[in-house]
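Next come the chains, spelled out residue by residue.
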Amino acid sequence: MTTSSDLRIIPNDGWDERIRVFQYERLVTTFAVISRRYVVLLDPLFNPALATTMLDAVRDELRDGRQLLVINTHADWDHAWGNMIFSGPDATDPAPIIAHKLCRERLLSDEARAKLDQKRAEDPQIFAETSIVPPTLTFTGSLTIDGGDLTFELLPTPGHTPDHISVFIPEIQTVFAGDAAELPFPFVGGPDDVPQMRASLKRLLALEPATVLYCHAPGIHSPRLIAANLAYFDEVEQLAVTALEADRIPVQIDDTTDVETLIAYPFDDIPHVAGLDDDERSFYRSGHHQAIRAMLAHLQAQPTI
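Parameters at a glance
Residues numbered from 1 in each chain as written. Predicted model: local features only at pLDDT ≥ 70, side-chain atom pairs only at ≥ 80, totals over all residues. Heavy atoms only, no water. Pairing = 2+ DSSP bridges. Helix = DSSP H or I, 4+ residues; strand = E, 2+ residues; numbered from the N terminus. Axes fitted to C-alpha atoms, helices over the stretch in contact; angles between N-to-C directions. Buried < 20%, exposed > 50% of the residue type's maximum accessible area, 1.4 Å probe, protein only. Right-handed = clockwise from strand over helix to strand, strands pointing away. Phe/Tyr/Trp six-rings, centres within 6.5 Å; stacked < 30°, edge-to-face > 60°. Contact = heavy atoms within 4.5 Å. Expected span 1.5 Å × (residues − 1). Arc of directions from axis to C-beta. Salt bridge = Lys/Arg side-chain N within 4 Å of Asp/Glu carboxyl O.

1. Examining the sheet that holds strand β11 (residues 174-178)
A sheet is described by the order of its strands in space; here five strands give the open sequence β8-β9-β10-β11-β12, paired in mixed fashion. Edge positions in the sheet fall to β8 (143-146) and β12 (211-214), since each has one partner strand and no second. Put simply, the sheet's adjacent strands are angled 20 degrees from each other on average, direction ignored. Examined bridge by bridge, strand β10 (residues 165-169) and β11 share three bridges and lie antiparallel to one another. In the strand pairing of β11, V167 is matched with F176.

2. Quick word on the pairing of β12
By the alternation rule, side chains of β12 split into T211 and L213 and V212 and Y214, which are all buried. Two strands pair when backbone bridges link them, and β11 and β12 are joined in this way by four bridges, in the parallel orientation. Across the sheet, the residue bridging to G178 is Y214, located in β12. Note on the crossover from β11 through helix α6 (residues 193-206) to β12: the handedness is right-handed.

3. Considering the pairing of strand β4 (residues 38-42)
Along β4, five of the five residues are buried, which leaves the element largely enclosed by surrounding structure. Going residue by residue along β4, you find Y38, V40 and L42 tucked away on one face and V39 and L41 tucked away on the opposite face as well. Alignment of strand β3 (residues 28-34) against β4, held across four bridges, turns out to be antiparallel. Counterpart to V33 in the pairing with β4 is V40. Between β3 and β4, which pair antiparallel in sequence order, lie three residues. Where β4 meets strand β5 (residues 67-71), five bridges bridge the pair, whose relative direction is parallel. Each bridged residue has a counterpart across the sheet, and for V39 the counterpart in β5 is L68.

4. Section: the packing of aromatic side chains
Summed over the entire model, instances satisfying the criterion amount to 15 aromatic pairs. Aromatic pair W77 and W81: ring centres 6.2 Å apart, planes at 55 degrees, arrangement tilted. Classification of W77 by relative accessible area gives buried; the value is 17%. Ring geometry for W77 against F127: centres 5.8 Å apart, planes inclined by 70 degrees, an arrangement best described as edge-to-face. Remark: F127 occurs in helix α5 (residues 124-127) and W77 occurs in helix α2 (residues 77-80); sequence separation between them is 50 residues.

5. Focus on the sheet that holds β4
Ordered in space as β1-β2-β3-β4-β5-β6-β7, the seven strands form an open sheet in which the pairing is mixed. The open sheet terminates on both sides in strands that have one partner only, identified here as β1 (7-9) and β7 (137-139). Pairs of neighbouring strands in the sheet enclose a mean axial angle of 20 degrees, with direction left out of account. Judged from the three bridges that link them, β1 and strand β2 (residues 19-24) form a sheet pairing that is antiparallel. Its bridge partner being in β2, I9 is matched across the sheet by F22.

6. Quick word on the side chain of T130
Secondary-structure assignment places T130 in the loop between α5 and β7. Excluding its chain neighbours within four sequence positions, the residues that come into contact with T130 are F46, N47, P48, W81, M84, L116 and R120.

7. Regarding helix α4 (residues 110-122)
Each α-helix winds once per 3.6 residues, and so residues spaced three or four apart point in a common direction. Taking 1.5 Å per residue, 13 residues should reach 18 Å; α4 reaches 18 Å between its end C-alpha atoms and fits that length. Every buried residue of α4 is accounted for by A112, L116 and K119. Projected down its long axis, α4 carries its buried residues within an arc of 65 degrees, all on one side. Set apart from the buried face of α4 by more than 90 degrees, the exposed residues are D110, E111, A121 and E122. Against the buried residues of α4 lie α2, α3 (101-107) and α5.

8. Remarks on the pattern of salt bridges
Taken as a whole and judged by the stated rule, the model has 19 salt bridges. Of the charged contacts in the structure, one is a salt bridge between R106 and D163, with a shortest N-O distance of 2.8 Å. Of this pair, R106 sits in helix α3 while D163 is found in the loop between β9 (151-156) and β10, placing the two residues 57 residues apart along the sequence. Between K119 and E122 there is a salt bridge whose closest N-O contact spans 4.0 Å. Taken together, the residues K119 and E122, both in helix α4 and three residues apart, mark about one turn of the helix. Through salt bridges with shared partners, one network takes in R20, E61, R63, D64 and R66.

Any functional reading would require information that these geometric values do not contain.
Below, the structure written as structure tokens:
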């Protein structure tokens, strides 16, 4: 059963003192930022116990007129299912929940309900009390929130998911990347996601952040990981182009196809994979295969390939 002891507050490792960092095992890291006007929770995890523990850690900051705001970077279960304590019939601490318009659509979808049923079946103790609640304030394009001393710039960074946003605070040159960048690389779904992901990574690098805080890169807060993620997709593209030009790619590729061998990019050659545990290796190896298939499909759709 998930309890408050499963969520660790990470000691400050050089980021601005107004930022709090929360880590649930090795699965996901989320954040709170204390500005003059707001206490902002970035991704309230995935069940009411964890969301409440996260809020309790900063509850004393809700004084001197500060208001609570919640931001979802995207609708994935490990980021947004904690919304239920802030809105809806089971809300214990009502607050606005802000996200991209597509995030709301994803959380209200049949796919989201099916995912919750699956998670409840796999681990009823963790997910029995979880319900899916969509954001209450949505936007398209970008959104800026004036926190008094800090400005929260909510920027679309699609690629991992179509609804994905990242948050930039210019006063402290800090980016909250969400899942737009991660260790060893962010996931993409299909061929249309490949150019979006690369554009999002370039957009984050163009901000020239001093600090980047990731949801899936424990212990890392350097912008160099964004550059490494972009280099990963560049390498996949280069090797995929070479394989296509050499006519090594079959007409049909399915889940049994050894795509690592097809483009000569073994999983163990990817930077940063050496420190992954067995479960993480399996998870990211499937993501590597998915990225290769997506890149091949993207390139095959281009008129020059």
